[in-house]
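Structural overview
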Amino acid sequence: DVKVTQSSRYLVKRTGEKVFLECVQDMDHENMFWYRQDPGLGLRLIYFSYDVKMKEKGDIPEGYSVSREKKERFSLILESASTNQTSMYLCATTLGAGGRADTQYFGPGTRLTVL
Amino acid sequence: AQTVTQSQPEMSVQEAETVTLSCTYDTSENNYYLFWYKQPPSRQMILVIRQEAYKQQNATENRFSVNFQKAAKSFSLKISDSQLGDTAMYFCAFGNNDMRFGAGTRLTVKP
């Protein structure tokens, strides 16, 4: 089974701080994704990566950046955290050529609160 | 752009009964995938069932089945013999070049 882990389940940060959320997968999946989940809005794609050092913007990339230096690790960076970035952040992976249309495997999520 | 609509924010069902969650989507594509994902309280989101649009036969996974109506762009999930462990948020998703998720339906199974 694919295992997707995220560095923290809960995180509290202050406005203006630089925040790093990390995601690690153990099954050699090509594609990795970062979503944020908000009540009534479902999941919205922030960024995804289809290969090491490759990335593409999703629907809501503003205020975020990502890094993928190794295949198994995909980091989400909040350059200067703001209160409107308080949310649940989900990492996901897909195997390969299907890309975003393929079955997604999710991490447990990080609930970030920005004060 | 593709959109996914789940019109039922919350639902409840008695244990052992059957419940149907609704999902509609909008697309001009002909080939795509549809998914139902389950997110139990404080647990990881997992795939429940997947349907390929070119397949007319409705997908089934044990107690979970879908009613896929391609012309109507409808993709509902039926849960038979509901169990307490089915209590979760359920997300409908559309996948083509993009993956789009609905807003979710919170299902509570009551003993």
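Refer to the preceding data block for the structure.
Read on for a plain summary of the structure. (Residues numbered from 1 in each chain as written. Chains lettered and ligands numbered in written order. Predicted model: local features only at pLDDT ≥ 70, side-chain atom pairs only at ≥ 80, totals over all residues. Heavy atoms only, no water.)

1. Structural notes on the layout of surface pockets
Picture a little ball the size of a water molecule; that probe, rolled over the atoms, points out where space is still empty. What the largest pocket holds in volume is close to 580 Å³. Taken together, 30 residues line the largest pocket, and the ones lying closest to its centre are Gln37 and Arg111 of chain A together with Gln39, Met89 and Arg106 of chain B. Its residues assigned to classes, the lining of the largest pocket comprises 12 nonpolar, 12 polar and six charged. Approximately 170 Å³ is the volume attributed to the second largest pocket. What lines the second largest pocket is a set of 11 residues, among which Gln104, Tyr105 and Phe106 of chain A together with Met45 and Ile46 of chain B lie closest to the centre. Counting only elements with at least two residues in the lining of the second largest pocket, the list comes to β10 (105-106) of chain A together with β6 (46-52) of chain B. Here the lining of the second largest pocket is composed, by residue class, of seven nonpolar, three polar and one charged. (1 Å grid on protein atoms, 1.4 Å probe; cavity = no way out; pocket = protein on both sides within 12 Å on 5 of 7 lines; lining within 4 Å. Points joined across faces, edges and corners; volume = space filled by probe spheres on them. Nonpolar A, V, L, I, M, F, W, Y, C, P; charged D, E, K, R; others polar. Helix = DSSP H or I, 4+ residues; strand = E, 2+ residues; numbered from the N terminus.)

2. Quick word on the side chain of asparagine 96 of chain B
Residue and element names in this part refer to chain B. Along the chain, asparagine 96 turns up in the loop between β10 (88-95) and β11 (99-101). According to the relative accessible area criterion, asparagine 96 is buried, its value standing at 15%. Of the polar contacts made by the side chain of asparagine 96, one reaches the backbone oxygen of asparagine 31; its length is 2.5 Å. (Buried < 20%, exposed > 50% of the residue type's maximum accessible area, 1.4 Å probe, protein only. Polar contact = N/O pair within 3.5 Å; in protein donor to acceptor, adjacent residues only side chain to side chain.)

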